[in-house]
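# An overview of the molecular structure
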Amino acid sequence: GENVEQHPSTLSVQEGDSAVIKCTYSDSASNYFPWYKQELGKGPQLIIDIRSNVGEKKDQRIAVTLNKTAKHFSLHITETQPEDSAVYFCAATRGRAGGTSYGKLTFGQGTILTVHP
Amino acid sequence: NAGVTQTPKFQVLKTGQSMTLQCAQDMNHNSMYWYRQDPGMGLRLIYYSASEGTTDKGEVPNGYNVSRLNKREFSLRLESAAPSQTSVYFCASSVTGPWDGYTFGSGTRLTVV
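Residues numbered from 1 in each chain as written. Chains lettered and ligands numbered in written order. Predicted model: local features only at pLDDT ≥ 70, side-chain atom pairs only at ≥ 80, totals over all residues. Heavy atoms only, no water.

### A look at the overall build of chain B
From N to C terminus, chain B includes zero helices and 11 strands. Beginning at the N terminus, the succession of helices and strands in chain B can be written as β-β-β-β-β-β-β-β-β-β-β. Taking 113 residues into account, the globule formula puts the C-alpha radius of gyration at 13 Å, and chain B, at 13 Å, falls close to it. Taken across its 113 residues, chain B has 50% of its residues classed as buried. Taking the contacts inside chain B whose residues are at least 6 apart along the sequence as the reference set, 56% of them involve residues at least 24 apart. Put simply, chain B shows about 4,900 Å² of open surface, and 49% of that area lies on carbon and sulfur atoms. A distance of 7 Å separates the average location of the 10 positive side-chain charges in chain B from that of its 8 negative side-chain charges. (Helix = DSSP H or I, 4+ residues; strand = E, 2+ residues; numbered from the N terminus. Rg over C-alpha atoms; globule rule 2.2 N^0.38 Å. Buried < 20%, exposed > 50% of the residue type's maximum accessible area, 1.4 Å probe, protein only. Contact = heavy atoms within 4.5 Å. Areas by Shrake-Rupley, 256 points an atom, 1.4 Å probe, with all protein chains shown as cover. Lys, Arg positive; Asp, Glu negative; His and termini not counted. Charge placed at Lys NZ, Arg CZ, Asp CG, Glu CD.)

### Examining unusual backbone geometry
Each neighbour pair has its own omega, and for His7 of chain A with Pro8 of chain A the value is 0°, a cis peptide bond. Among the structural elements, Pro8 of chain A can be located in the loop between strand S1 (4-7) and strand S2 (10-14). Backbone torsion omega between Thr7 of chain B and Pro8 of chain B reads -5°, so that peptide bond is classified as cis. Mapped onto the elements, Pro8 of chain B comes out in the loop between strand S1 (4-7) and strand S2 (10-13). Look at Lys71 of chain A: it is not a glycine, yet its phi comes out positive at around 55°. Positionally, Lys71 of chain A belongs in the loop between strand S7 (62-67) and strand S8 (72-77). Residue Lys71 of chain A is classed as partly exposed on the basis of its relative accessible area of 26%. For Glu79 of chain A, which is not a glycine, the phi torsion comes out positive at approximately 45°. Mapped onto the fold, Glu79 of chain A is located in the loop between S8 and strand S9 (86-92). Owing to a relative accessible area of 53%, Glu79 of chain A belongs among the exposed residues under this scheme.

### Considerations on the sheet that holds S8 of chain A
Residue and element names in this part refer to chain A. As summarised here, the arrangement of the five strands in space is S1-S3-S8-S7-S6, forming an open sheet in which the pairing is antiparallel. Looking along the sheet, the strands with just one partner apiece sit at the ends: S1 and strand S6 (56-59). Pairs of neighbouring strands in the sheet enclose a mean axial angle of 15°, with direction left out of account. Bridging between S7 and S8 involves six bridges; their strand directions are antiparallel. Paired with Thr65 across the two strands is Ser74, which belongs to S8. (Pairing = 2+ DSSP bridges. Axes fitted to C-alpha atoms, helices over the stretch in contact; angles between N-to-C directions.)

What is shown is where atoms sit, not what they do.
Following this line, the structure appears as structure tokens:
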């Protein structure tokens, strides 16, 4: 099955700096890669996703890049703010035609991001 | 619009006791999921239900059972709780699958002593 490794496990930055979180995956058939943000005491919330036919996607201060050859993808947050402090999870899955992995989203271990004012 | 509602929010069990975690969604989603979250291990899939009437094992199903009661409700049962099942449990739903984006509940923090 799919295995997703996420680094770093903790990341501390100053307000206004950029933050980068990296993930690698093992299943070359995976083609959907979402990122979730979990604030304290809440469930994770989808913040951005990328599909395998796209190399980069941006949404205001956040962006995700995907390198299918190397099987890794990254989350970039620019101009960080204290409200960006949270746990971030990457994930991967095959699409609708994914055979036995159909419907299963595999998460990375999570990154605790702290933005200091 | 409540989204995904989980009950209870907190629970303490003694080893060997049983309990059912409840999950309900009001978004007319077809797929529902149960995950557990442990420090340093991310979110691991316990069971999922791709549609009403179907359930499938995830990565860590041992010690758990599920019931997709109807389209709205998906419950998780621990028949004989063990300390290794101490965790935070999240229910999630999606329109048809992960590619639609999950909506998570706020979680149940379970401690087994």
